[in-house]
Amino acid sequence: MKILFLVPPETHSIESSVPKALEGGKGYYPKLGLLYVAAYYERATGDTPVFIDCPPENVTVSDLRRRIREIKPDMVAMSIMTFNLLDALHAARVLKQEDQNIKICLGGSHVNLYPEETLNLPLIDYVVFGEGEPIFTQLTTTLDAEGPESDSLKNIRGLGWKRDGIACVNPKETQLLDLDTLPNPARHLVDIGQYAHIIGEGRQFFTIQATRGCPATCSFCDIRKTAFRTRSAENVVAEVEELVAQGVDDLFFVDDTITINKKNLLHFCDLIVKRGIKLNYKISARVDTVNEEILRALKRSGCYRIHYGIETATPRHLKYLQKGQTLEKVERACKMTRRAGIGFFAYMMIGIPHETRREMFDTVALAKQLKPDYAQFSICTPYPKTELYFQMLKEGIITHDYWQEFAKNPTPDFKIKFWNRHFTEESLRQIQDECHARFYRQPTYIMKQIAKVRSWEDFSAKVRMGTKILTSRLSFS
Ligand code: B12
(Lines give C-alpha, C1' and ligand atoms only; values in the text may rest on other atoms or scores of the structure.)
Protein backbone atom coordinates (compact mmCIF):
# COMPACT_ATOMS: atom_id res chain seq x y z
CA MET A 1 0.00 0.00 0.00
CA LYS A 2 1.39 3.38 -0.99
CA ILE A 3 1.12 5.81 1.91
CA LEU A 4 1.36 9.58 1.73
CA PHE A 5 1.74 11.52 4.98
CA LEU A 6 0.45 14.99 4.26
CA VAL A 7 0.41 18.35 6.00
CA PRO A 8 -2.17 20.11 3.83
CA PRO A 9 -1.91 23.64 2.38
CA GLU A 10 -3.24 26.29 4.76
CA THR A 11 -6.37 27.27 2.91
CA HIS A 12 -9.02 27.59 5.61
CA SER A 13 -7.27 27.50 9.02
CA ILE A 14 -9.27 29.17 11.77
CA GLU A 15 -7.73 32.36 13.14
CA SER A 16 -6.67 31.50 16.67
CA SER A 17 -6.46 33.53 19.86
CA VAL A 18 -3.05 34.67 18.67
CA PRO A 19 -3.91 36.22 15.30
CA LYS A 20 -2.30 34.77 12.24
CA ALA A 21 -1.57 38.19 10.78
CA LEU A 22 2.14 37.43 11.02
CA GLU A 23 1.99 33.88 9.70
CA GLY A 24 4.44 34.56 6.84
CA GLY A 25 7.29 35.60 9.10
CA LYS A 26 6.50 33.16 11.85
CA GLY A 27 8.25 30.18 10.30
CA TYR A 28 7.10 26.60 10.38
CA TYR A 29 7.11 23.84 12.96
CA PRO A 30 7.44 20.22 11.92
CA LYS A 31 4.46 17.92 12.53
CA LEU A 32 6.16 15.72 15.06
CA GLY A 33 3.16 13.42 15.67
CA LEU A 34 2.86 12.56 11.98
CA LEU A 35 6.63 12.00 11.75
CA TYR A 36 6.41 9.56 14.68
CA VAL A 37 3.59 7.64 12.99
CA ALA A 38 5.56 7.58 9.70
CA ALA A 39 8.70 6.27 11.45
CA TYR A 40 6.84 3.45 13.17
CA TYR A 41 5.12 2.51 9.91
CA GLU A 42 8.42 2.51 8.04
CA ARG A 43 10.18 0.36 10.65
CA ALA A 44 7.31 -2.14 10.89
CA THR A 45 6.64 -2.60 7.17
CA GLY A 46 9.96 -1.77 5.51
CA ASP A 47 8.07 0.51 3.07
CA THR A 48 9.28 4.08 2.68
CA PRO A 49 6.27 6.39 2.70
CA VAL A 50 6.16 9.83 1.07
CA PHE A 51 5.85 12.89 3.34
CA ILE A 52 4.74 16.27 1.99
CA ASP A 53 4.61 19.27 4.31
CA CYS A 54 2.80 21.76 2.09
CA PRO A 55 3.15 25.08 3.99
CA PRO A 56 6.97 25.18 4.28
CA GLU A 57 7.46 23.46 0.92
CA ASN A 58 5.17 26.08 -0.69
CA VAL A 59 3.00 23.35 -2.18
CA THR A 60 -0.22 24.95 -3.42
CA VAL A 61 -3.46 23.10 -4.06
CA SER A 62 -2.66 22.80 -7.77
CA ASP A 63 0.89 21.57 -7.01
CA LEU A 64 -0.69 19.01 -4.72
CA ARG A 65 -2.94 17.74 -7.51
CA ARG A 66 0.12 17.26 -9.72
CA ARG A 67 2.05 15.45 -6.98
CA ILE A 68 -0.90 13.13 -6.31
CA ARG A 69 -0.99 12.10 -9.98
CA GLU A 70 2.73 11.24 -9.76
CA ILE A 71 2.69 9.49 -6.37
CA LYS A 72 -0.64 7.68 -6.77
CA PRO A 73 -1.14 7.03 -3.04
CA ASP A 74 -3.63 4.44 -1.77
CA MET A 75 -3.93 6.15 1.59
CA VAL A 76 -3.30 9.74 2.69
CA ALA A 77 -2.71 10.34 6.41
CA MET A 78 -3.06 13.81 7.95
CA SER A 79 -2.69 15.15 11.50
CA ILE A 80 -5.12 17.80 12.66
CA MET A 81 -5.76 20.25 15.40
CA THR A 82 -9.28 21.69 15.52
CA PHE A 83 -7.77 24.79 13.93
CA ASN A 84 -6.79 23.10 10.71
CA LEU A 85 -9.59 20.57 10.31
CA LEU A 86 -10.91 22.65 7.40
CA ASP A 87 -7.51 22.57 5.68
CA ALA A 88 -7.54 18.77 5.90
CA LEU A 89 -11.09 18.52 4.57
CA HIS A 90 -10.26 20.81 1.67
CA ALA A 91 -7.23 18.66 0.84
CA ALA A 92 -9.37 15.50 1.16
CA ARG A 93 -11.80 16.91 -1.42
CA VAL A 94 -8.95 17.67 -3.79
CA LEU A 95 -7.45 14.19 -3.30
CA LYS A 96 -10.76 12.44 -3.92
CA GLN A 97 -11.33 14.57 -7.02
CA GLU A 98 -8.02 13.28 -8.34
CA ASP A 99 -8.76 9.68 -7.43
CA GLN A 100 -11.88 8.69 -5.54
CA ASN A 101 -10.26 5.44 -4.38
CA ILE A 102 -7.71 7.24 -2.21
CA LYS A 103 -8.48 6.49 1.43
CA ILE A 104 -8.21 9.35 3.92
CA CYS A 105 -7.07 8.72 7.49
CA LEU A 106 -7.00 11.50 10.11
CA GLY A 107 -5.35 11.61 13.54
CA GLY A 108 -4.13 14.30 15.95
CA SER A 109 -5.54 16.38 18.79
CA HIS A 110 -8.88 17.16 17.10
CA VAL A 111 -9.50 13.50 16.35
CA ASN A 112 -8.50 12.52 19.89
CA LEU A 113 -11.34 14.78 21.09
CA TYR A 114 -13.94 14.08 18.41
CA PRO A 115 -13.29 10.66 16.83
CA GLU A 116 -16.92 9.91 15.98
CA GLU A 117 -17.79 13.35 14.65
CA THR A 118 -14.67 13.34 12.46
CA LEU A 119 -15.30 9.87 11.08
CA ASN A 120 -18.87 10.84 10.24
CA LEU A 121 -17.62 13.52 7.86
CA PRO A 122 -18.31 12.19 4.35
CA LEU A 123 -14.77 12.33 2.93
CA ILE A 124 -13.09 10.59 5.86
CA ASP A 125 -12.48 6.83 5.71
CA TYR A 126 -10.51 6.18 8.90
CA VAL A 127 -9.69 7.97 12.13
CA VAL A 128 -7.02 7.07 14.66
CA PHE A 129 -7.29 8.40 18.21
CA GLY A 130 -4.70 8.17 20.97
CA GLU A 131 -1.05 7.30 20.33
CA GLY A 132 -1.17 6.56 16.63
CA GLU A 133 2.08 4.71 15.94
CA PRO A 134 1.00 1.06 16.30
CA ILE A 135 -2.66 1.71 15.47
CA PHE A 136 -1.90 3.19 12.05
CA THR A 137 0.49 0.36 11.22
CA GLN A 138 -2.07 -2.24 12.29
CA LEU A 139 -4.66 -0.55 10.09
CA THR A 140 -2.50 -0.54 6.97
CA THR A 141 -1.13 -4.06 7.43
CA THR A 142 -4.67 -5.39 8.01
CA LEU A 143 -5.90 -3.65 4.87
CA ASP A 144 -2.95 -5.03 2.92
CA ALA A 145 -3.43 -8.56 4.15
CA GLU A 146 -7.21 -8.84 4.32
CA GLY A 147 -8.65 -5.97 2.29
CA PRO A 148 -11.05 -3.16 3.31
CA GLU A 149 -13.89 -5.54 4.23
CA SER A 150 -11.74 -7.30 6.85
CA ASP A 151 -13.54 -8.15 10.08
CA SER A 152 -10.25 -7.70 11.93
CA LEU A 153 -10.65 -3.91 11.73
CA LYS A 154 -13.07 -4.08 14.63
CA ASN A 155 -10.32 -5.49 16.85
CA ILE A 156 -7.95 -2.53 16.44
CA ARG A 157 -8.36 -0.33 19.49
CA GLY A 158 -8.18 3.43 18.82
CA LEU A 159 -9.45 3.02 15.25
CA GLY A 160 -12.59 4.38 13.61
CA TRP A 161 -13.60 2.87 10.26
CA LYS A 162 -16.60 2.63 7.98
CA ARG A 163 -18.63 -0.27 6.62
CA ASP A 164 -21.12 0.64 3.84
CA GLY A 165 -20.87 4.25 4.88
CA ILE A 166 -21.70 3.51 8.53
CA ALA A 167 -19.14 4.79 11.06
CA CYS A 168 -17.78 2.25 13.57
CA VAL A 169 -15.64 3.62 16.39
CA ASN A 170 -13.70 0.95 18.29
CA PRO A 171 -12.88 1.30 22.00
CA LYS A 172 -9.96 3.51 22.96
CA GLU A 173 -6.50 1.96 23.41
CA THR A 174 -5.87 2.13 27.15
CA GLN A 175 -2.35 0.71 27.15
CA LEU A 176 0.19 3.49 26.89
CA LEU A 177 3.32 3.06 24.80
CA ASP A 178 6.78 2.49 26.23
CA LEU A 179 8.38 5.58 24.72
CA ASP A 180 11.87 4.06 24.59
CA THR A 181 10.65 1.43 22.14
CA LEU A 182 9.56 3.98 19.53
CA PRO A 183 11.75 4.83 16.55
CA ASN A 184 12.83 8.45 16.29
CA PRO A 185 10.51 10.65 14.18
CA ALA A 186 11.08 10.08 10.43
CA ARG A 187 12.98 13.34 9.88
CA HIS A 188 14.74 11.85 6.88
CA LEU A 189 11.43 12.15 4.99
CA VAL A 190 11.44 15.97 5.23
CA ASP A 191 13.87 18.76 4.53
CA ILE A 192 15.07 19.82 7.98
CA GLY A 193 16.24 23.15 6.57
CA GLN A 194 12.68 24.36 5.93
CA TYR A 195 11.70 24.61 9.59
CA ALA A 196 12.24 27.80 11.58
CA HIS A 197 10.44 30.01 14.04
CA ILE A 198 10.30 33.77 14.33
CA ILE A 199 12.46 34.00 17.44
CA GLY A 200 14.83 31.31 16.20
CA GLU A 201 17.85 33.61 16.11
CA GLY A 202 19.15 32.12 12.88
CA ARG A 203 19.92 28.62 14.07
CA GLN A 204 18.74 25.36 12.52
CA PHE A 205 15.66 24.44 14.46
CA PHE A 206 13.71 21.23 15.01
CA THR A 207 11.35 19.82 17.64
CA ILE A 208 11.80 16.81 19.92
CA GLN A 209 9.73 15.12 22.61
CA ALA A 210 11.14 13.54 25.77
CA THR A 211 7.91 12.99 27.74
CA ARG A 212 4.19 12.60 27.11
CA GLY A 213 1.30 13.65 29.33
CA CYS A 214 0.87 16.26 32.07
CA PRO A 215 -0.56 15.85 35.58
CA ALA A 216 -1.38 19.58 36.01
CA THR A 217 -4.98 20.71 36.24
CA CYS A 218 -5.07 23.90 34.08
CA SER A 219 -8.69 24.14 32.99
CA PHE A 220 -7.91 25.64 29.56
CA CYS A 221 -5.82 22.68 28.40
CA ASP A 222 -7.14 19.35 27.21
CA ILE A 223 -3.97 17.49 28.16
CA ARG A 224 -4.72 18.13 31.89
CA LYS A 225 -4.40 15.24 34.29
CA THR A 226 -3.01 12.82 31.74
CA ALA A 227 -0.54 10.06 32.61
CA PHE A 228 2.99 11.40 32.57
CA ARG A 229 5.68 9.18 31.00
CA THR A 230 9.24 9.88 30.16
CA ARG A 231 11.82 8.42 27.78
CA SER A 232 15.09 7.40 29.39
CA ALA A 233 17.77 10.10 29.32
CA GLU A 234 20.03 7.83 27.21
CA ASN A 235 17.30 7.37 24.62
CA VAL A 236 16.70 11.13 24.31
CA VAL A 237 20.41 11.91 24.15
CA ALA A 238 20.85 9.37 21.33
CA GLU A 239 18.22 11.25 19.35
CA VAL A 240 19.85 14.58 20.18
CA GLU A 241 23.18 13.27 18.86
CA GLU A 242 21.49 12.18 15.65
CA LEU A 243 19.96 15.64 15.26
CA VAL A 244 23.19 17.45 15.97
CA ALA A 245 24.94 15.28 13.36
CA GLN A 246 22.30 16.48 10.87
CA GLY A 247 23.15 20.10 11.59
CA VAL A 248 20.36 20.93 14.05
CA ASP A 249 21.59 23.30 16.76
CA ASP A 250 18.33 24.63 18.17
CA LEU A 251 15.87 22.21 19.69
CA PHE A 252 12.43 22.88 21.07
CA PHE A 253 11.13 20.23 23.45
CA VAL A 254 7.38 20.18 22.75
CA ASP A 255 6.71 18.38 26.07
CA ASP A 256 3.94 19.96 28.09
CA THR A 257 6.05 19.97 31.28
CA ILE A 258 9.39 18.25 30.87
CA THR A 259 10.46 19.24 34.41
CA ILE A 260 8.06 16.88 36.22
CA ASN A 261 10.65 14.09 36.53
CA LYS A 262 13.66 16.06 37.77
CA LYS A 263 15.89 13.04 38.31
CA ASN A 264 15.59 11.97 34.71
CA LEU A 265 16.03 15.51 33.41
CA LEU A 266 19.15 16.01 35.53
CA HIS A 267 20.56 12.79 34.10
CA PHE A 268 19.80 14.05 30.56
CA CYS A 269 21.62 17.34 31.29
CA ASP A 270 24.63 15.48 32.71
CA LEU A 271 24.86 13.22 29.68
CA ILE A 272 24.78 16.19 27.29
CA VAL A 273 27.64 17.81 29.21
CA LYS A 274 29.67 14.59 29.64
CA ARG A 275 29.44 13.74 25.95
CA GLY A 276 30.43 17.28 24.99
CA ILE A 277 27.30 17.80 22.85
CA LYS A 278 27.04 21.41 21.69
CA LEU A 279 23.35 22.22 21.87
CA ASN A 280 20.95 25.13 22.25
CA TYR A 281 17.49 24.20 23.36
CA LYS A 282 14.31 25.51 24.91
CA ILE A 283 11.65 23.83 27.01
CA SER A 284 8.26 24.56 28.57
CA ALA A 285 7.78 24.25 32.31
CA ARG A 286 5.47 25.16 35.14
CA VAL A 287 6.95 27.68 37.56
CA ASP A 288 6.41 25.28 40.47
CA THR A 289 8.47 22.50 38.87
CA VAL A 290 11.86 24.23 38.74
CA ASN A 291 14.54 24.74 41.40
CA GLU A 292 18.10 26.09 41.52
CA GLU A 293 19.67 22.68 40.89
CA ILE A 294 17.61 21.88 37.81
CA LEU A 295 18.03 25.39 36.38
CA ARG A 296 21.82 25.25 36.73
CA ALA A 297 21.89 21.83 35.05
CA LEU A 298 19.64 23.04 32.25
CA LYS A 299 21.88 26.04 31.65
CA ARG A 300 25.06 23.92 31.59
CA SER A 301 23.57 21.61 28.98
CA GLY A 302 22.54 24.41 26.61
CA CYS A 303 19.00 25.39 27.64
CA TYR A 304 18.65 29.04 26.63
CA ARG A 305 14.98 29.65 27.21
CA ILE A 306 12.10 28.35 29.29
CA HIS A 307 8.49 28.96 28.32
CA TYR A 308 6.41 29.53 31.43
CA GLY A 309 2.63 29.70 31.56
CA ILE A 310 2.27 32.70 33.88
CA GLU A 311 -1.19 33.59 32.59
CA THR A 312 -2.47 36.42 34.80
CA ALA A 313 -1.59 38.82 37.59
CA THR A 314 -4.90 38.34 39.35
CA PRO A 315 -5.07 35.50 41.93
CA ARG A 316 -8.82 34.96 41.53
CA HIS A 317 -8.33 34.37 37.80
CA LEU A 318 -5.44 31.96 38.45
CA LYS A 319 -7.88 30.09 40.64
CA TYR A 320 -10.66 30.26 38.06
CA LEU A 321 -8.24 28.71 35.53
CA GLN A 322 -7.30 26.01 38.09
CA LYS A 323 -3.67 26.81 37.39
CA GLY A 324 -2.55 25.71 40.86
CA GLN A 325 0.19 28.33 41.09
CA THR A 326 0.68 31.53 43.05
CA LEU A 327 2.25 34.87 42.13
CA GLU A 328 4.96 34.22 44.73
CA LYS A 329 5.95 31.04 42.91
CA VAL A 330 5.93 32.93 39.61
CA GLU A 331 8.24 35.64 40.92
CA ARG A 332 10.56 33.14 42.58
CA ALA A 333 10.89 30.95 39.50
CA CYS A 334 11.47 33.93 37.18
CA LYS A 335 14.17 35.32 39.47
CA MET A 336 15.87 31.92 39.79
CA THR A 337 15.75 31.43 36.02
CA ARG A 338 17.39 34.78 35.35
CA ARG A 339 19.99 34.09 38.03
CA ALA A 340 20.81 30.78 36.33
CA GLY A 341 21.43 32.74 33.12
CA ILE A 342 18.45 31.28 31.24
CA GLY A 343 16.04 33.50 29.33
CA PHE A 344 12.32 33.01 29.62
CA PHE A 345 9.18 33.48 27.64
CA ALA A 346 6.02 34.53 29.48
CA TYR A 347 2.69 33.24 28.22
CA MET A 348 0.07 35.64 29.50
CA MET A 349 -3.68 35.58 29.09
CA ILE A 350 -6.23 38.37 28.88
CA GLY A 351 -10.01 38.38 28.44
CA ILE A 352 -10.58 35.67 31.05
CA PRO A 353 -14.30 35.46 31.91
CA HIS A 354 -15.17 38.10 34.54
CA GLU A 355 -11.82 39.91 34.03
CA THR A 356 -11.85 43.70 33.98
CA ARG A 357 -9.85 45.97 31.68
CA ARG A 358 -7.76 47.12 34.61
CA GLU A 359 -6.88 43.54 35.53
CA MET A 360 -5.76 42.90 31.95
CA PHE A 361 -3.32 45.79 32.19
CA ASP A 362 -2.21 44.53 35.62
CA THR A 363 -1.09 41.44 33.72
CA VAL A 364 1.05 43.61 31.43
CA ALA A 365 2.49 45.33 34.50
CA LEU A 366 3.37 41.92 35.95
CA ALA A 367 5.04 40.90 32.69
CA LYS A 368 7.09 44.12 32.72
CA GLN A 369 8.11 43.53 36.31
CA LEU A 370 9.19 39.91 35.65
CA LYS A 371 11.33 41.03 32.69
CA PRO A 372 11.02 38.03 30.38
CA ASP A 373 12.81 38.04 27.02
CA TYR A 374 9.45 37.75 25.31
CA ALA A 375 5.84 37.93 26.43
CA GLN A 376 2.76 36.85 24.55
CA PHE A 377 -0.70 38.05 25.51
CA SER A 378 -3.29 35.59 24.22
CA ILE A 379 -7.01 36.12 24.48
CA CYS A 380 -8.48 33.48 26.78
CA THR A 381 -10.18 30.92 24.57
CA PRO A 382 -12.25 27.97 25.75
CA TYR A 383 -10.76 25.29 23.50
CA PRO A 384 -12.84 22.21 22.63
CA LYS A 385 -13.72 19.82 25.45
CA THR A 386 -11.54 21.61 27.98
CA GLU A 387 -12.66 21.96 31.59
CA LEU A 388 -12.84 25.73 31.01
CA TYR A 389 -15.26 25.21 28.13
CA PHE A 390 -17.48 22.91 30.20
CA GLN A 391 -17.29 25.31 33.15
CA MET A 392 -18.46 28.18 30.93
CA LEU A 393 -21.27 26.06 29.51
CA LYS A 394 -22.33 25.30 33.09
CA GLU A 395 -22.18 28.96 34.07
CA GLY A 396 -24.34 29.81 31.06
CA ILE A 397 -21.65 32.08 29.63
CA ILE A 398 -21.60 29.76 26.64
CA THR A 399 -25.12 28.79 25.68
CA HIS A 400 -24.55 25.75 23.47
CA ASP A 401 -21.81 23.30 22.53
CA TYR A 402 -20.63 25.15 19.43
CA TRP A 403 -17.35 23.23 19.17
CA GLN A 404 -19.23 19.99 18.84
CA GLU A 405 -21.44 21.57 16.18
CA PHE A 406 -18.30 22.64 14.35
CA ALA A 407 -16.82 19.13 14.70
CA LYS A 408 -20.00 17.67 13.18
CA ASN A 409 -20.44 20.29 10.52
CA PRO A 410 -17.25 22.28 9.92
CA THR A 411 -18.00 25.28 7.76
CA PRO A 412 -15.47 27.86 6.56
CA ASP A 413 -17.45 30.76 8.05
CA PHE A 414 -16.73 29.46 11.59
CA LYS A 415 -15.14 32.07 13.81
CA ILE A 416 -13.39 31.48 17.09
CA LYS A 417 -15.35 32.94 20.03
CA PHE A 418 -14.08 34.87 23.03
CA TRP A 419 -16.27 35.02 26.07
CA ASN A 420 -15.87 37.98 28.30
CA ARG A 421 -19.36 39.47 28.51
CA HIS A 422 -18.08 43.01 28.92
CA PHE A 423 -15.94 43.15 25.78
CA THR A 424 -16.53 42.71 22.08
CA GLU A 425 -14.04 40.71 20.08
CA GLU A 426 -12.77 43.91 18.48
CA SER A 427 -12.16 45.58 21.82
CA LEU A 428 -10.33 42.50 23.13
CA ARG A 429 -8.15 42.49 20.02
CA GLN A 430 -7.41 46.18 20.61
CA ILE A 431 -6.50 45.56 24.24
CA GLN A 432 -4.32 42.66 23.10
CA ASP A 433 -2.45 44.99 20.71
CA GLU A 434 -2.12 47.54 23.49
CA CYS A 435 -0.70 44.90 25.86
CA HIS A 436 1.97 43.93 23.32
CA ALA A 437 2.78 47.56 22.61
CA ARG A 438 3.12 48.40 26.31
CA PHE A 439 5.41 45.45 26.84
CA TYR A 440 7.64 45.68 23.76
CA ARG A 441 7.91 49.45 23.51
CA GLN A 442 9.52 49.82 26.94
CA PRO A 443 12.82 51.61 26.30
CA THR A 444 14.58 49.34 28.81
CA TYR A 445 13.31 46.28 26.95
CA ILE A 446 14.56 47.59 23.60
CA MET A 447 17.97 48.50 25.01
CA LYS A 448 18.30 45.10 26.68
CA GLN A 449 17.52 43.31 23.42
CA ILE A 450 20.02 45.37 21.44
CA ALA A 451 22.70 44.69 24.06
CA LYS A 452 22.08 40.96 23.79
CA VAL A 453 22.50 40.72 19.99
CA ARG A 454 24.98 37.93 19.33
CA SER A 455 25.24 37.71 15.56
CA TRP A 456 23.95 39.12 12.28
CA GLU A 457 21.25 36.36 12.18
CA ASP A 458 20.26 37.16 15.73
CA PHE A 459 20.09 40.87 14.86
CA SER A 460 17.93 40.16 11.77
CA ALA A 461 15.55 37.98 13.81
CA LYS A 462 15.13 40.75 16.35
CA VAL A 463 14.64 43.49 13.75
CA ARG A 464 12.07 41.31 11.97
CA MET A 465 10.19 40.74 15.16
CA GLY A 466 10.53 44.34 16.29
CA THR A 467 9.06 45.56 13.00
CA LYS A 468 6.15 43.19 13.32
CA ILE A 469 5.45 44.25 16.88
CA LEU A 470 5.35 47.88 15.92
CA THR A 471 3.21 47.36 12.83
CA SER A 472 0.93 44.49 13.56
CA ARG A 473 -0.43 41.93 15.97
CA LEU A 474 1.91 39.38 17.37
CA SER A 475 2.03 35.61 16.91
CA PHE A 476 5.21 33.75 17.69
CA SER A 477 4.59 30.91 20.09
C1 B12 B 1 4.11 22.02 19.46
C2 B12 B 1 2.69 22.55 19.52
C3 B12 B 1 2.36 23.60 18.67
C4 B12 B 1 3.36 24.18 17.68
C5 B12 B 1 3.52 23.36 16.44
C6 B12 B 1 2.32 22.63 15.93
C7 B12 B 1 2.65 21.61 14.85
N8 B12 B 1 3.30 21.93 13.76
O9 B12 B 1 2.26 20.47 15.02
C10 B12 B 1 2.78 25.61 17.45
C11 B12 B 1 3.47 26.54 18.41
C12 B12 B 1 2.87 26.19 16.06
C13 B12 B 1 1.34 25.42 17.90
C14 B12 B 1 0.34 26.32 17.59
C15 B12 B 1 -0.97 26.22 18.08
N16 B12 B 1 -1.43 25.29 18.94
CO17 B12 B 1 -0.38 23.81 19.58
N18 B12 B 1 0.52 22.45 20.50
C19 B12 B 1 1.73 22.01 20.40
C20 B12 B 1 1.94 20.90 21.46
C21 B12 B 1 2.60 21.55 22.67
C22 B12 B 1 2.74 19.68 21.07
C23 B12 B 1 2.28 19.01 19.77
C24 B12 B 1 3.20 17.88 19.48
O25 B12 B 1 4.08 17.98 18.64
N26 B12 B 1 3.04 16.77 20.20
C27 B12 B 1 3.89 15.60 20.05
C28 B12 B 1 3.24 14.53 19.17
C29 B12 B 1 4.09 13.27 19.18
O30 B12 B 1 1.97 14.23 19.70
P31 B12 B 1 0.64 14.38 18.84
O32 B12 B 1 0.74 15.49 17.90
O33 B12 B 1 -0.53 14.34 19.75
O34 B12 B 1 0.64 13.03 17.95
C35 B12 B 1 0.29 11.75 18.44
C36 B12 B 1 -1.21 11.41 18.35
O37 B12 B 1 -2.05 12.52 18.47
C38 B12 B 1 -1.35 10.68 17.05
N39 B12 B 1 -1.43 11.43 15.80
C40 B12 B 1 -1.20 12.71 15.56
N41 B12 B 1 -1.38 12.98 14.26
C42 B12 B 1 -1.72 11.85 13.65
C43 B12 B 1 -2.04 11.58 12.32
C44 B12 B 1 -2.36 10.28 11.95
C45 B12 B 1 -2.70 9.98 10.52
C46 B12 B 1 -2.40 9.25 12.92
C47 B12 B 1 -2.73 7.88 12.53
C48 B12 B 1 -2.10 9.54 14.26
C49 B12 B 1 -1.77 10.82 14.62
O50 B12 B 1 -0.16 9.93 17.02
C51 B12 B 1 0.93 10.77 17.48
C52 B12 B 1 1.98 9.92 18.11
O53 B12 B 1 1.50 9.21 19.20
C54 B12 B 1 0.45 20.50 21.77
C55 B12 B 1 0.22 19.96 23.16
C56 B12 B 1 0.25 18.46 23.16
N57 B12 B 1 0.57 17.92 24.28
O58 B12 B 1 -0.07 17.79 22.18
C59 B12 B 1 -0.30 21.80 21.48
C60 B12 B 1 -1.72 21.71 20.92
C61 B12 B 1 -1.74 20.68 19.81
N62 B12 B 1 -1.91 23.05 20.37
C63 B12 B 1 -3.09 23.52 20.55
C64 B12 B 1 -3.50 24.82 20.16
C65 B12 B 1 -4.86 25.25 20.66
C66 B12 B 1 -2.69 25.62 19.36
C67 B12 B 1 -3.03 27.03 18.86
C68 B12 B 1 -4.45 27.24 18.40
C69 B12 B 1 -2.66 27.96 20.04
C70 B12 B 1 -2.63 29.43 19.77
N71 B12 B 1 -1.50 29.98 20.07
O72 B12 B 1 -3.55 30.05 19.40
C73 B12 B 1 -2.04 27.19 17.70
C74 B12 B 1 -2.68 26.78 16.36
C75 B12 B 1 -2.03 27.37 15.20
C76 B12 B 1 -2.80 27.02 13.94
N77 B12 B 1 -3.52 27.97 13.41
O78 B12 B 1 -2.75 25.92 13.46
C79 B12 B 1 -3.98 22.51 21.24
C80 B12 B 1 -4.91 21.84 20.21
C81 B12 B 1 -6.30 21.58 20.72
C82 B12 B 1 -7.20 21.17 19.60
N83 B12 B 1 -8.47 21.10 19.93
O84 B12 B 1 -6.86 20.92 18.49
C85 B12 B 1 -2.92 21.58 21.92
C86 B12 B 1 -3.39 20.13 22.14
C87 B12 B 1 -2.58 22.26 23.28
C88 B12 B 1 -3.69 22.17 24.29
N89 B12 B 1 -3.62 21.28 25.23
O90 B12 B 1 -4.64 22.90 24.27
N91 B12 B 1 1.20 24.30 18.66
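Please read these numbers as outputs of a predicted model, since none were measured by experiment.

(A) Highlighting the sheet that holds strand β6 (residues 126-128). With respect to topology, 7 strands assemble into an open sheet ordered β3-β1-β4-β5-β6-β7-β8, the strand pairing being mixed. At either end of the open sheet lies a strand with only one pairing partner, and these are β3 (50-53) and β8 (166-169). With strand direction ignored, the average angle separating the axes of adjacent strands in the sheet is 20°. Of the pairings in the sheet, the one linking strand β7 (residues 159-163) to β8 comprises 4 bridges and is antiparallel in character.

(B) Quick peek at the environment of Tyr 304. Here Tyr 304 shows up in strand β15 (residues 303-311). Along the sequence, Tyr 304 and Ile 272 sit 32 residues apart, while their C-alpha atoms lie 14 Å from each other.

(C) Layout of the packing of aromatic side chains. Tallied over the full model, the rule gives 24 aromatic pairs. Considering the side-chain rings of Tyr 308 and Phe 344, the 6.0 Å spacing of their centres and the 55° angle between planes classify their relative orientation as tilted. Of the two residues, Tyr 308 is situated in strand β15 and Phe 344 in strand β16 (residues 343-350); the sequence distance between them amounts to 36 residues. Seen in terms of ring centroids, Phe 345 and Tyr 374 are 6.2 Å apart; in terms of plane orientation they differ by 35°. Their pairing is tilted. Of the two residues, Phe 345 is situated in strand β16 and Tyr 374 in strand β17 (residues 374-379); the sequence distance between them amounts to 29 residues. Since its relative accessible area comes to 0%, Phe 345 is described here as buried. For Tyr 374, a relative accessible area of 3% gives the class buried. What links up through ring pairs into an aromatic cluster is the set Phe 83, Tyr 383, Tyr 389, Phe 390, Tyr 402, Trp 403, Phe 406 and Phe 414. Sitting over the ring of Tyr 36, Arg 212 keeps its end group 5.0 Å from the ring centre. One residue, Lys 282, lies across the ring of Phe 252, its end atom 4.8 Å from the ring centre.

Thresholds, definitions, all that
- Residues numbered from 1 in each chain as written.
- Predicted model: local features only at pLDDT ≥ 70, side-chain atom pairs only at ≥ 80, totals over all residues.
- Heavy atoms only, no water.
- Pairing = 2+ DSSP bridges.
- Helix = DSSP H or I, 4+ residues; strand = E, 2+ residues; numbered from the N terminus.
- Axes fitted to C-alpha atoms, helices over the stretch in contact; angles between N-to-C directions.
- Phe/Tyr/Trp six-rings, centres within 6.5 Å; stacked < 30°, edge-to-face > 60°.
- Buried < 20%, exposed > 50% of the residue type's maximum accessible area, 1.4 Å probe, protein only.
- Lys NZ or Arg CZ within 6 Å of the ring centre and 35° of its normal.

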